[in-house]
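Residue-level structure breakdown
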Amino acid sequence: MGRLIIVSNRVPVPEKGGAAPAGGLAVALKIALEAQGGVWMGWSGNSSGDAEPGPLTMDEQGKITYALTDLTDTDVEEYYHGFANRVLWPICHYRLDLAEYGRKEMAGYFRVNRFFAHRLAPLIQPDDIIWVHDYHLIPLAAELRQMGFKNKIGFFLHIPWPPADVIFTMPVHEEIMRGLSHYDLVGFQTDHDLENFAGCLRREGIGDELGEGLFSAHGRTFKGGYYSIGIETAAFAEFATKAATNVMVRKARQSVEGRDLIIGVDRLDYSKGITQRIDAFERFITADAAHQGKVTYLQITPKSRSEVPEYEQMQRMVAEQAGRVNGAISTVDWVPIRYINRSIPRTVLAGLYRLAKIGLVTPLRDGMNLVAKEYVAAQDPENPGVLVLSRFAGAARELYGAIIVNPYDVEATANAIARALEMPLEERRQRWQGMMTHLLEHDVVRWCDDFLKDLTEQDEAA
Ligand SMILES: O=P(O)(O)OC[C@H]1O[C@H](O[C@H]2O[C@H](CO)[C@@H](O)[C@H](O)[C@H]2O)[C@H](O)[C@@H](O)[C@@H]1O
Ligand SMILES: O=c1ccn([C@@H]2O[C@H](COP(=O)(O)OP(=O)(O)O)[C@@H](O)[C@H]2O)c(=O)[nH]1
């Protein structure tokens, strides 16, 4: 097998000096790249202003070459903020009301994908395997095919794929569907996403499901499957044990002494259901005076995509809501909601998850939600906390030991919080054990191996 080439919008280049990479995905892909040797290409996160971006910045670390490109201001605006985050993201998260379709942004998205293909082309050798990640880069394979590349190219979508009635609201849905058919393997997070994709092919006669995971569309045969992304479970459990001595974790423990801690960790994104969750917490805390002064809810919410108006608005909404609830319920010695609006390192998060009796993960829609998996991995096996999980997170297709809730039903979520706090130790242990066994077996390395095995074994693709 040739080298592996990963392409993604963001590239977690490890810091020089061997610091741990940012997350499970980076860990797994780094392992795969090191095994085969390879390249990880993507956007540097920087803009070249109005000027044409300079050549790729190459950073060789052992057997891996990180290849980064800048984008112009216009590219960032149209491709990333515009089409990726104001059309594809809301539509794939079922928020048709938030989709802002514009021809300029759509053209920018396809232009930047062509630009990525041209930048990548000189790095590709004939037997390299190419693995493209996420909604930013759907048209990349079509561009590479047009340039004559015959390499195996796989695609993994990290976010949900909704049903035809939702996808077809996007004016360029045909181009997007056509783009996907140029891959040899298209991977989704869950069986539901895959079913929805098959439904989209059938609906307008775009393509057919041939059986055994094969699809045909636009004159090509390709494979489709679901590969639920995992975390580096064993390592994460160890971070959580070690984090007990971390200063931030120690301070948190001391400050919640005698109270139950509930934790929520999400990028500031409308898909994460943060305002509904605060409503549910408020309902829970005001429903029974006995809980007041006894429970602390820690919500960690780093800013995300702040240049996009919907995110900027969300930022104000959440801050105001947390402030209103605290203003109404706090006492001189108790603040119910602690709202942190910046990022906390994962190794510290691991320790905070372990302190919390409840992990509250209630997105309105989420491709997977790694926080849910991290919360479980971080628990003390002797005294594990309870995961309250939205049925609309991909993780709910695997984590059956969670209390599953409908995040739109504020009262039901409030009741689930109460139930979780009262859950007997034996039931908590039983639920946790089932989930932990699953997560150890289905970790991120297995996810990566499963996808690459299906991509490289696939001989039927045309
Ligand atoms: O790169 P950003 O625009 O700052 O956004 C961060 C990432 O968000 C999305 O994450 C998704 O992937 C996770 C791992 O598979 C999954 O658990 C989660 O449900 C998804 O929302 C996005 O898909 C990434 O491309 C972004 O980098
Ligand atoms: O302050 C924070 C908040 C989140 N995360 C990490 O960001 C990832 C979030 O992934 P998830 O799949 O839950 O959602 P996404 O943000 O990718 O939609 C998880 O690994 C978190 O541990 C982090 O490192 N620091």
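Residues numbered from 1 in each chain as written. Chains lettered and ligands numbered in written order. Predicted model: local features only at pLDDT ≥ 70, side-chain atom pairs only at ≥ 80, totals over all residues. Heavy atoms only, no water.

Applicable threshold: UniProt positions are given in the numbering used here, feature names are shortened, and annotations may be inferred rather than shown by experiment.
Labelled according to an unreviewed UniProt entry, the protein chain appears under the name Trehalose-6-phosphate synthase, originating from Rhizobium tumorigenes. Of the protein chain, the UniProt comment under Catalytic activity (unreviewed entry) reads exactly: "D-glucose 6-phosphate + UDP-alpha-D-glucose = alpha,alpha-trehalose 6-phosphate + UDP + H(+)". A UniProt comment under Function (unreviewed entry) is attached to the protein chain, and it reads "Probably involved in the osmoprotection via the biosynthesis of trehalose. Catalyzes the transfer of glucose from UDP-alpha-D-glucose (UDP-Glc) to D-glucose 6-phosphate (Glc-6-P) to form trehalose-6-phosphate. Acts with retention of the anomeric configuration of the UDP-sugar donor."

**Some remarks on the site of ligand 1**
Spelled out, the test is: If a single non-hydrogen atom of a residue is within 4 Å of a molecule or strand, that residue counts as near it. Residues adjacent in sequence count toward polar contacts only when both atoms are side-chain atoms; beyond that, a polar contact is any pair of N or O atoms within 3.5 Å, and within protein one must be able to donate a hydrogen and the other to accept it. Using the Shrake-Rupley algorithm and a 1.4 Å probe, accessible areas are obtained, with residue cover drawn only from the displayed protein chains. For this classification, Asp, Glu, Lys and Arg are treated as charged, while Ala, Val, Leu, Ile, Met, Phe, Trp, Tyr, Cys and Pro are nonpolar and the rest, including Gly, are polar.
For ligand 1, the set of nearby residues contains 17 residues, the closest of which are Arg10, Tyr80, Asp134, His158 and Asp366. Between ligand 1 and the protein, one listed contact pairs an oxygen atom with a side-chain N or O atom of Arg267 at 3.5 Å. Between ligand 1 and Asn369 there is a distance of 3.1 Å, counted from an oxygen atom to a backbone nitrogen or oxygen. Computed on the free molecule, ligand 1 has an accessible area of 560 Å², of which 82% lies beneath the protein chains in the complex. Looking at side-chain class alone, the shell around ligand 1 contains seven nonpolar, five polar and five charged residues.

**Focus: the layout of surface pockets**
Definition in use: Think of a 1 Å grid over just the protein atoms. A cavity is a set of points where a 1.4 Å probe fits yet cannot get out, a pocket is an open set with protein on both sides within 12 Å along at least five of seven lines, and lining residues have an atom within 4 Å of a point. Grid points are joined across faces, edges and corners, and a volume is the space filled by probe spheres set on the points. Numbering of helices and strands runs from the N terminus, with a helix taken as a DSSP run of H or I at least four residues long and a strand as a DSSP run of E at least two residues long.
There is about 410 Å³ of room inside the second largest pocket. Together, 22 residues line the second largest pocket, and Arg253, Arg354, Leu355, Ala356 and Asn383 are the ones closest to its centre. Elements that contribute at least two residues to the lining of the second largest pocket include exactly α8 (233-242), α9 (247-255), β11 (260-265) and α12 (346-355). Its residues assigned to classes, the lining of the second largest pocket shows eight nonpolar, six polar and eight charged.

**Observations concerning the packing of helix α10 (residues 274-287) against helix α14 (residues 410-422)**
Note the threshold: To get an axis, a line is fitted to the C-alpha atoms, and for a helix only the part in contact is used. The angle between two axes follows their N-to-C directions and goes from 0 to 180 degrees. Here roughly perpendicular refers to angles of 65 to 115 degrees, roughly parallel to angles under 35, roughly antiparallel to angles over 145, and oblique to all remaining angles. Crossings are sorted by hand: turned counterclockwise from the far helix by less than a right angle, the near helix makes the crossing left-handed, and turned clockwise it makes it right-handed. Any two residues whose heavy atoms approach within 4.5 Å are treated as being in contact.
Between α10 and α14, whose axes approach to 8 Å, the crossing angle comes to 60°. For the element pair α10 / α14, the angle class is oblique. The two elements α10 and α14 meet at a crossing, and its hand is right-handed. Contact with α10, carried on its side by Gln276, Asp279, Ala280, Phe281, Arg283 and Phe284, involves Val410, Glu411, Thr413, Ala414, Ile417, Ala418 and Leu421 of α14 and no other residues of that element. Considered class by class, the residues forming the contact of α10 with α14 number eight nonpolar, two polar and three charged.

**A short note on the site of ligand 2**
Taken together, 14 residues are adjacent to ligand 2, and Arg267, Lys272, Ile344, Leu370 and Glu374 come closest. Arg267 places a side-chain nitrogen or oxygen 2.7 Å from an oxygen atom of ligand 2. Measuring from an oxygen atom of ligand 2, one finds a side-chain N or O atom of Arg346 at 3.3 Å. Protein chains bury 78% of the 550 Å² of accessible surface belonging to ligand 2 in isolation.

**Overview of the pairing of strand β15 (residues 386-390)**
As a reminder of what qualifies: Note on classification: 1.4 Å probe, protein chains only; a residue is buried when its accessible area is under 20% of the maximum for its type, exposed when over 50%, partly exposed between these limits. Between any two strands, pairing holds if DSSP finds at least two bridges. Whether a crossover is right-handed comes down to one check: with the strands pointing away from the viewer, does the path from the first strand over the helix to the second run clockwise; if it does, it is right-handed.
Burial runs high along β15: five of the five residues are buried. Burial along β15 is two-sided: Val386, Val388 and Ser390 and Leu387 and Leu389, pointing in opposite directions, are all buried. Bridge count for strand β14 (residues 358-361) against β15 is four bridges, and the pairing is parallel. Within β15, the position partnered with Gly359 by the bridge is Leu387. Handedness of the crossover joining β14 and β15 through helix α13 (residues 370-377): right-handed.

**A short note on the nonpolar core**
For soluble globular proteins, the rule of thumb is that nonpolar side chains tend to be buried together. Let me state the cut-off plainly: To qualify as a nonpolar core, a set must consist of buried Ala, Val, Leu, Ile, Met, Phe, Trp, Tyr and Cys residues joined through side-chain atoms within 4.5 Å.
Ranked by size, the top nonpolar core spans 97 residues in total, and within it Val7, Phe116, Trp161 and Ile176 carry the most contacts. It is helix α2 (residues 73-92) that contributes the most residues to this core, ten residues altogether. Setting aside residues no more than four positions away along its own chain, Trp161 makes contact with Tyr94, Ile167, Ile176, Met177, Leu180, Phe188, Asp193, Asn196, Phe197 and Cys200. If you look at the next biggest cluster of nonpolar residues, it comprises 62 residues, including Trp40, Ile64, Ala237 and Val249.

**Structural notes on the pattern of salt bridges**
Heads up, the condition is: For salt bridges, the criterion is a side-chain nitrogen of Lys or Arg within 4 Å of an Asp or Glu carboxyl oxygen.
Taken as a whole and judged by the stated rule, the model has 31 salt bridges. Between Glu78 and Lys104 there is a salt bridge, with its nearest N and O atoms 3.9 Å apart. With Glu78 in helix α2 and Lys104 in helix α3 (residues 103-120), the pair connects residues that are 26 residues apart, well separated along the chain. Here Glu78 falls in the buried class, since its relative accessible area comes to 8%. Note on Lys104: relative accessible area 55%, which makes it exposed. Here Asp165 ties to Arg203 by a salt bridge, and the two come within 2.8 Å at their closest N and O atoms. Note that Asp165 is positioned in helix α5 (residues 164-167) and Arg203 in helix α7 (residues 191-203), a separation of 38 residues in sequence. For Arg203, a relative accessible area of 48% puts it in the partly exposed group.

**Concerning the environment of Asn151**
Structurally, Asn151 can be placed in the loop between α4 (140-146) and β6 (152-156). Spatially, the C-alpha atoms of Asn151 and Asp184 are 9.1 Å apart, while their sequence positions differ by 33 residues. For Asn151, the contacting residues outside a window of four places in its chain are Ile124, Gln125, Pro126, Asp127, Asp128, Ile130, Arg145 and Asp184. Separated by 3.2 Å, the side chain of Asn151 and the backbone oxygen of Pro126 make a polar contact.

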